[in-house]
Amino acid sequence: MSDAMEAVTRAHHEEWGRVVASLTRRFGDLDIAEEAAAEAFATAVARWPADGVPPNPGAWLTTTANRKAIDRIRRESRRDDKHEEARTLYDDTPPEPPAAIEDDRLRLIFTCCHPALGTEARVALTLRMVGGLTVPEIASAFLVRETAMGQRITRAKTKIRTARIPYRVPDAEELPARVSGVLAVLFLVFNEGYLATGPDTDPVRPGLTAEAIRLTRLVRALLPEDGEVAGLLALMLLIEARNGARVSATGELVPLDQQDRGAWDAGLVAEGHRLVRERLAAGVAPGPYQILAAINAVHTSARDVRDTDWSQVVALYDQLVRIDPSPVVALNRAVAVAELDGPEVALAAVDRLEEQLDGYHAFHATRAELLRRLGLGQRSRAAYDRAIELAGNTAESAHLARRRDQLGSATPGRR
């Protein structure tokens, strides 16, 4: 890939949400914003290799996208005689007073997460409009078909337009009821950066994780006493701290138990631990993000994987299962159970999840590892094959392939 094309790719990861948010603020229409942004990036693909990368790619993209949006509005006004629509979009009425936080992307998130939309629509739309994820990437995150996800996003944008959902940060009294949907969005954006689902993207997308953390910090500034906001920020920081040790020099995912813990970011670990301690000291029953942060605090407190307090990890998962009895939580709990009670007990728990998680690569990867530890090489190989088939992340696929190939033909207990 040429330097110019790498710059376009990097700009897409870093600038998409900013460009779309800026256009939404100016023109008040998500379709116009999305399409103009897409045209601006397409123009960059055509021009940057020949003209060179501009000194300020974000400003260049925003300016280009604004021109594309204006051209579209003029064309539609002439074709459909939409003079009133065009006048509205170019209205010179003074803007409303600034919201509590001056950040276009945060306003865009609250717009996309309006309660008039269903929960899944809120998350999907924000992943597309703010995070810049493609429809296939979002569909993979939701474990649904691409066509269904595309329809969901289209319906959500239509709902925003027809219901005249405002583009603003909610008032103080509205914030608590609105924040849970925003946190779900930010967590999925972070997850896509932490372990990208698309086979044609970098396995780790630090621009997305950094953006998710930045926006979560902004939400925390809005709601400093909200435990789940603090919990999500702590969770992100403790995961992000391990980022430098997660992919090997050969591009292979490095599991937690094999990571060089000296390569973890000590500053992020310390900040995450501090937030977890603050929430424990608050004496308030924790929500899911706070419990997940506490689990990660246990992992990052151990200087060596052998020092991990697995009984505490399982106890925290037991607490999490009571408030979030999802199959993915149950799968993650089984991984901890394997360390505490052995792989046979864990495998029985994992196998009970097959009907719900058969299309989820981590389910098969977990089974493969447990079967491997039990000496069931043939069944382990089949599970690795299925996990590789479903995995979209290149680094994870490389790790799974190497683990499968290490089984060899002489693995004992092949049955």
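Just so you know, these numbers come straight off a predicted model, no measurement behind them. (Residues numbered from 1 in each chain as written. Predicted model: local features only at pLDDT ≥ 70, side-chain atom pairs only at ≥ 80, totals over all residues. Heavy atoms only, no water.)

J.: Help me out: how do you make sense of the overall build of the protein in this one?
T.: The secondary structure content of the protein amounts to 20 helices and zero strands. In terms of overall size, the protein behaves like a compact globule, its C-alpha atoms giving a radius of gyration of 23 Å where 415 residues would be expected to give roughly 22 Å. Contacts spanning at least 24 positions in sequence make up 64% of the contacts within the protein whose residues lie at least 6 apart. Within the structure as shown, the protein displays about 19900 Å² of accessible surface, and the carbon and sulfur contribution to it stands at 51%. (Helix = DSSP H or I, 4+ residues; strand = E, 2+ residues; numbered from the N terminus. Rg over C-alpha atoms; globule rule 2.2 N^0.38 Å. Contact = heavy atoms within 4.5 Å. Areas by Shrake-Rupley, 256 points an atom, 1.4 Å probe, with all protein chains shown as cover.)

J.: Which parts of the structure should I look at to understand the environment of Gly272?
T.: Residue position: Gly272 is located in helix H12 (residues 266–282). In contact with Gly272, not counting residues within four places along its chain, are Ala234, Leu237 and Leu238.

J.: How do you make sense of the state of the cysteines when you look at a structure like this?
T.: A covalent bond bridging the sulfur atoms of two cysteines is what the word disulfide describes. Enumeration according to the criterion identifies zero disulfides in this entry. You can see Cys112 has no disulfide; the closest cysteine sulfur is in Cys113, sitting 6.6 Å from it. Cys112 sits in the buried class, given a relative accessible area of 0%. Under the relative-accessibility criterion, Cys113 is labelled buried at 1%. (Disulfide = S-S within 2.5 Å. Buried < 20%, exposed > 50% of the residue type's maximum accessible area, 1.4 Å probe, protein only.)

J.: Before we go on, may I ask you to explain helix H2 (residues 30–51) in this structure?
T.: Counted at 1.5 Å a residue, the expected span for H2 with its 22 residues is 32 Å, and the 30 Å between its end C-alpha atoms agrees. The sharpest bend along H2 reaches about 30° and sits at Val45, with the proline Pro49 one to four residues further on. Inspection of H2 places Leu30, Asp31, Ile32, Ala33, Glu34, Ala36, Ala37, Ala40, Phe41, Thr43, Ala44 and Trp48 among the buried residues, and these make up the whole buried set. The distance from a side-chain oxygen at the start of H2 to the backbone nitrogen of Asp31 is 2.9 Å, and the residue carrying that oxygen is Asp29. (Expected span 1.5 Å × (residues − 1). Bend = angle between axes of the 7 residues up to and from the residue. Polar contact = N/O pair within 3.5 Å; in protein donor to acceptor, adjacent residues only side chain to side chain.)

J.: Is there a simple way to explain the side chain of His399 in this structure?
T.: Within the secondary structure, His399 sits in helix H20 (residues 394–406). Once residues lying within four places of it in the same chain are set aside, the contact partners of His399 are Glu252, Leu253 and Pro255.

J.: Quick question: what am I supposed to make of the packing of helix H15 (residues 327–341) against helix H18 (residues 361–373) here?
T.: Pairs of packed helices are described in terms of their axes, by the angle between the two and the distance that separates them. Between H15 and H18, the shortest axis-to-axis distance is 11 Å and the interhelical angle comes to 15°. In terms of axis orientation, H15 runs roughly parallel to H18. The element H15 and its partner H18 pack so that their crossing is left-handed. Taking contact as the criterion, the partners of Leu331, Val335, Ala338 and Glu339 in H15 are, on H18, Ala362, Phe363, Thr366, Leu370 and Arg373. Its residues placed into classes, the contact of H15 with H18 shows six nonpolar, one polar and two charged. (Axes fitted to C-alpha atoms, helices over the stretch in contact; angles between N-to-C directions. Parallel < 35°, antiparallel > 145°, perpendicular 65-115°, else oblique. Left-handed = near helix turned anticlockwise from the far one by under 90°. Nonpolar A, V, L, I, M, F, W, Y, C, P; charged D, E, K, R; others polar.)

J.: Looking at this model, I keep getting lost on the nonpolar core. Mind explaining?
T.: A general tendency of soluble globular proteins is for nonpolar side chains to be buried together. Trp48, Leu61, Leu108 and Leu125 are the most contacted members of the largest nonpolar core, which totals 120 residues. When near neighbours in sequence (up to four residues on either side) are disregarded, Leu125 contacts Leu30, Cys112, Leu117, Val130, Ile153, Ala156, Lys157 and Ile160. (Core = buried A, V, L, I, M, F, W, Y, C linked by side-chain atoms within 4.5 Å.)

J.: Help me understand the side chain of His273, please; the structure alone is not making it clear to me.
T.: Considering the arrangement of structural elements, one finds His273 in helix H12. Beyond its immediate stretch of four places on either side in the chain, His273 contacts Leu238, Ala297, Thr300 and Ser301.

J.: It is not clear to me how the packing of aromatic side chains should be interpreted in this structure. Could you clarify?
T.: Any pair of aromatic rings gets described here by the distance separating the centres and the angle formed by the planes. Counted according to the given criterion, the structure contains four aromatic pairs. Measuring from centroid to centroid gives 5.7 Å for Trp16 and Phe41, while their planes differ by 35°, and the two rings are tilted. Placement of Trp16 in helix H1 (residues 3–27) and of Phe41 in helix H2 is noted, with a sequence separation of 25 residues between them. We classify Phe41 as buried; its relative accessible area is 6%. With a centroid separation of 5.5 Å and 85° between ring planes, the pair formed by Phe187 and Tyr289 is classed as edge-to-face. One end of the pair, Phe187, is in helix H9 (residues 175–194); the other, Tyr289, is in helix H13 (residues 288–301), with 102 residues separating them in the sequence. (Phe/Tyr/Trp six-rings, centres within 6.5 Å; stacked < 30°, edge-to-face > 60°.)

J.: Sorry, what's going on with unusual backbone geometry here?
T.: The phi angle at Arg164 is positive, at roughly 55°, despite the residue not being glycine. Here Arg164 is to be found in the loop between helix H8 (146–162) and H9. Take Arg164: its relative accessible area is 73%, and that puts it in the exposed class.

J.: Explain H18 to me, please; I cannot follow it from the model alone.
T.: In an α-helix, one turn spans 3.6 residues; hence positions three or four apart end up facing the same way. The end-to-end C-alpha distance of H18 is 19 Å, a good match for the 18 Å that 13 residues give at a rise of 1.5 Å each. Within H18, 10 of the 13 residues are buried, leaving the element largely enclosed by the surrounding structure. Listing the buried residues of H18 in full gives His361, Ala362, Phe363, His364, Ala365, Thr366, Arg367, Ala368, Leu370 and Leu371. Where H18 is buried, its residues meet H15, helix H16 (343–351), helix H17 (354–357), helix H19 (377–390) and H20. Downstream of H18 by one or two residues, Gly375 has phi in the positive range, about 80°.

J.: Which parts of the structure should I look at to understand the confidence of the model for the protein?
T.: In low-pLDDT segments, the atomic positions of the prediction should not be examined closely. On average, residues of the protein carry a pLDDT of 87, and 90% of them reach 70 or more. Taken element by element, the protein is modelled with least confidence in helix H4 (residues 83–89), mean pLDDT 46, and with most confidence in H13, mean pLDDT 98. Note that residues 86–102 has pLDDT below 50 and, in this model, 20 contacts with residues that lie over four places away or in other chains. Contacts for the low-pLDDT stretch residues 410–415, under 50 throughout, to residues beyond four places or in other chains number 15 contacts. (pLDDT = per-residue confidence, 0-100.)

J.: Sorry, what's going on with the environment of Ala245 here?
T.: If you trace the backbone, Ala245 turns up in the loop between helix H11 (227–240) and H12. Among the residues examined, Ala245 registers a relative accessible area of 10% and is labelled buried. With 222 residues separating them in the primary sequence, Ala245 and Leu23 have C-alpha atoms 37 Å apart.

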